Amino acid sequence: MIRAVKGTRDLLPPDTAVWNHVEQIARAVFHAYNYREIRTPILEETQLFARGVGAETDIVTKEMYTFEDRDGSSLTMRPENTAGVMRAYIEHRLDLLPGVQKLYYIGPMFRRERPQKGRFRQFYQIGAEAIGSESPATDAEVIQMVVEILARSGLSHFELLINSVGCGKCRAQYIEKLREALQPFIPQLSPDNQRRAETNPLRVLDSKVPEDEPIIEQLPSILDSLCPECLEHFERVRLYLTDRGIKFEVKPRLVRGLDYYMRTTFEVVHGNLGAQNSVLGGGRYDGLAEQLDSKVPSPGIGFSIGEDRLVMAVSDNQLPDALDLYIAPMDESALRHAGVLATELRATGASVEVGTTAKLKKAMDIANKVSARRVLIIGEDELAAGEYSLKDMTSGTQLRLSRAEIAGHLK
RNA sequence: GUGGCUGUAGCUCAGGUGGUAGAGCGCCGGAUUGUGGAUCCGGUGGUCGAGGGUUCAAGUCCCUCCAGCCACCCCA
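Remember, predicted model here, so these are calculated numbers, not experimental data. (Residues numbered from 1 in each chain as written. Chains lettered and ligands numbered in written order. Predicted model: local features only at pLDDT ≥ 70, side-chain atom pairs only at ≥ 80, totals over all residues. Heavy atoms only, no water.)

## Topic: the sheet that holds strand 13 (residues 352-354)
Consider a sheet: its strands pair through backbone hydrogen bonds, and that pairing is either parallel or antiparallel. Taken in spatial order, the five strands of this open sheet run 13-12-14-15-16, and their pairing is mixed. The sheet terminates laterally at strand 13 and strand 16 (398-402), the two strands that pair on one side only. Neighbouring strand axes in the sheet, compared pairwise and without regard to direction, differ in orientation by 25 degrees on average. Pairing of strand 14 (residues 372-378) with strand 15 (residues 387-392), which is carried by four bridges, proceeds in the antiparallel orientation. Looking at strand 15, one finds that Leu376 is bridged to Leu390. (Pairing = 2+ DSSP bridges. Helix = DSSP H or I, 4+ residues; strand = E, 2+ residues; numbered from the N terminus. Axes fitted to C-alpha atoms, helices over the stretch in contact; angles between N-to-C directions.)

## A short note on the protein's contact with RNA strand B
Around RNA strand B, the surrounding shell holds 52 residues, and the nearest of these are Arg114, Arg119, Arg196, Arg203 and Gly257. For RNA strand B, the fraction of atoms within 4 Å of the protein that belong to sugar or phosphate moieties is 51%. Lys117 places a polar main-chain atom, nitrogen or oxygen, 2.7 Å from a phosphate oxygen of RNA strand B. Taking Asp381, its main chain carries an N or O atom lying 2.7 Å from a base oxygen of RNA strand B. (Near = heavy atom within 4 Å. Polar contact = N/O pair within 3.5 Å; in protein donor to acceptor, adjacent residues only side chain to side chain.)

## Brief notes about the packing of aromatic side chains
Inspection of the entire model under this criterion finds six aromatic pairs. Centre to centre, the rings of Tyr260 and Tyr261 are 5.0 Å apart; their planes meet at 70 degrees, and the pair counts as edge-to-face. Each member of the pair, Tyr260 together with Tyr261, is buried. Centre to centre, the rings of Tyr260 and Tyr285 are 5.8 Å apart; their planes meet at 70 degrees, and the pair counts as edge-to-face. Of the two residues, Tyr260 sits in the loop between strand 8 (249-250) and strand 9 (262-270) while Tyr285 sits in the loop between strand 10 (278-284) and helix 11 (288-291), which places them 25 residues apart along the sequence. Comparing Tyr260 with Tyr285 shows no difference in burial state: the two are buried. (Phe/Tyr/Trp six-rings, centres within 6.5 Å; stacked < 30°, edge-to-face > 60°. Buried < 20%, exposed > 50% of the residue type's maximum accessible area, 1.4 Å probe, protein only.)

## A few points about the pairing of strand 4 (residues 74-77)
Relative to strand 4, strand 2 (residues 43-45) runs antiparallel, the two being bridged by three bridges. Counted as the bridge partner of Leu43 is Met77 from strand 4. Examined bridge by bridge, strand 3 (residues 65-68) and strand 4 share four bridges and lie antiparallel to one another. Bridging from a neighbouring strand, Glu68 pairs with Ser74 of strand 4. Where strand 3 folds back on strand 4, the antiparallel hairpin that results is connected by five residues, among which Gly72 adopts a positive phi of roughly 95 degrees.

## What about the pairing of strand 6 (residues 122-131)?
Extensive coverage of strand 6 is indicated by the burial of eight of its ten residues. As judged from the ten bridges shared by strand 5 (residues 101-110) and strand 6, these two strands associate in the antiparallel manner. When the bridges of strand 6 are listed, Gly107 appears paired with Gln125. Pairing of strand 6 with strand 11 (residues 300-306), which is carried by seven bridges, proceeds in the antiparallel orientation. Paired with Ala128 across the bridge in strand 11 is Phe303.

## Structural notes on the pattern of salt bridges
Inspection of every chain in the model, using the stated rule, returns 20 salt bridges. Among the ionic pairs, Glu91 bridges to Arg87, the shortest N-O distance being 3.1 Å. Here the residue Glu91 and the residue Arg87 both occupy positions in helix 4 (residues 82-91), the gap between them amounting to four residues, near one helical turn. Taking the relative accessible area as the measure of exposure, Glu91 reaches 51% and is therefore exposed. Across the pair Lys362 and Asp365 runs a salt bridge whose closest N-O atoms are separated by 3.8 Å. Note that Lys362 and Asp365 are positioned in helix 14 (residues 360-369) at a spacing of three residues, about one turn of the helix. (Salt bridge = Lys/Arg side-chain N within 4 Å of Asp/Glu carboxyl O.)

## Notes on the packing of helix 1 (residues 15-32) against helix 12 (residues 307-314)
Contact geometry of helix 1 with helix 12 gives a least axis separation of 10 Å together with a crossing angle of 110 degrees. As the angle between them shows, helix 1 and helix 12 are arranged roughly perpendicular. Note that helix 1 runs across helix 12; the crossing there is right-handed. Facing Val18, Trp19, Val22 and Glu23 of helix 1, the residues of helix 12 in contact are Glu307, Asp308, Leu310, Val311 and Val314. Its residues assigned to classes, the contact of helix 1 with helix 12 comprises six nonpolar, no polar and three charged. (Parallel < 35°, antiparallel > 145°, perpendicular 65-115°, else oblique. Left-handed = near helix turned anticlockwise from the far one by under 90°. Contact = heavy atoms within 4.5 Å. Nonpolar A, V, L, I, M, F, W, Y, C, P; charged D, E, K, R; others polar.)

Listed below in structure tokens is the structure:
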């Protein structure tokens, strides 16, 4: 048997209703904040991610689906979408349009990782980018917007964490300070953290090894190393968030894995997601455009929600998936009437299913199993009388109605 | 990439010390005529993840592989 490839999965009804629900809410909130949709290709030149995401990142070094096209060029299935959106922004000179470009996307991303709870090789992200503003007010608005999407999707008990990772200058200085501070403790650290202390000291801060916790707590905070400009930016972001009533926690140890992040970074975590407890990650990427050869500086900030994880976290909230009307035609003549009538009723917005001719008992059984709210019975009696029998499946009551009356009884 | 756990009907699972498979749910049909949900009866359904090996005999023991889950790594 041919099965879905490792790390990919089929989304089936009724689960797809939850996905649509979440996406509809996201689109509504995006609209409210004047974000418009952008759709970029899944395939991009490999160079885009090597340069945009960072050649040394895990994503680029070991997680990308990369292959050689027939003409010899190297293509990659997008592992994330900020680089792709920025590429499109530069390519189409969106910087020449007035105002900040506020763009959103919904779609699949691909990373070749070992699957586990909340982690897939094909996964879906709902994301947005605001490009062309370096104002901390933009940061605050983006964060406010994403919190609104989560809340309106039915997510509860989530936690917003924010931090500043500084700019190119002050971060470099901080990394040096961190390296020095770590030096005396290296022999006592776990093997993983020993390695990180050498290669990427920032990652030590994000460690989950409990034994290393006492050491990590003593390390200097990046917030004490921020340059005056970065500090000012971060303070204003916090101020604006507070103005808007957004609850957050400053977590100086929040570091993100993509090279392009600078200044504001944020994340939302949730309890019931297993080890992959992050539903959303985002941050500011003021140097990304230049990394991609843009001559115009295009500061931006964005986020992406892990839709798989959001759906997982909210799927306790069951959505009604009922059918408005099941029509049970009892013979050939009734079937023809049913087809025409269904067309009329669907035009009013009702969901209508027409059964094939069957014994009435069987038709009722099916109607019940597909959760039809009502059943319309059309048989010889009904056709002779010019009236139809409408049965309410919840109450069990049945009415004789003229054709014109039916639509009004479907609620 | 590394580690742990698990693979028996569509689903959830039983199947002591090896003797060629079962339940519940679902699905299909029935309990007299054009009325679902409850109950009862009957039926369909599995090369026991795959391939080797040991044995007279393997779902059950051994090996290899594959898949799924969970964790590490990392991230959404």
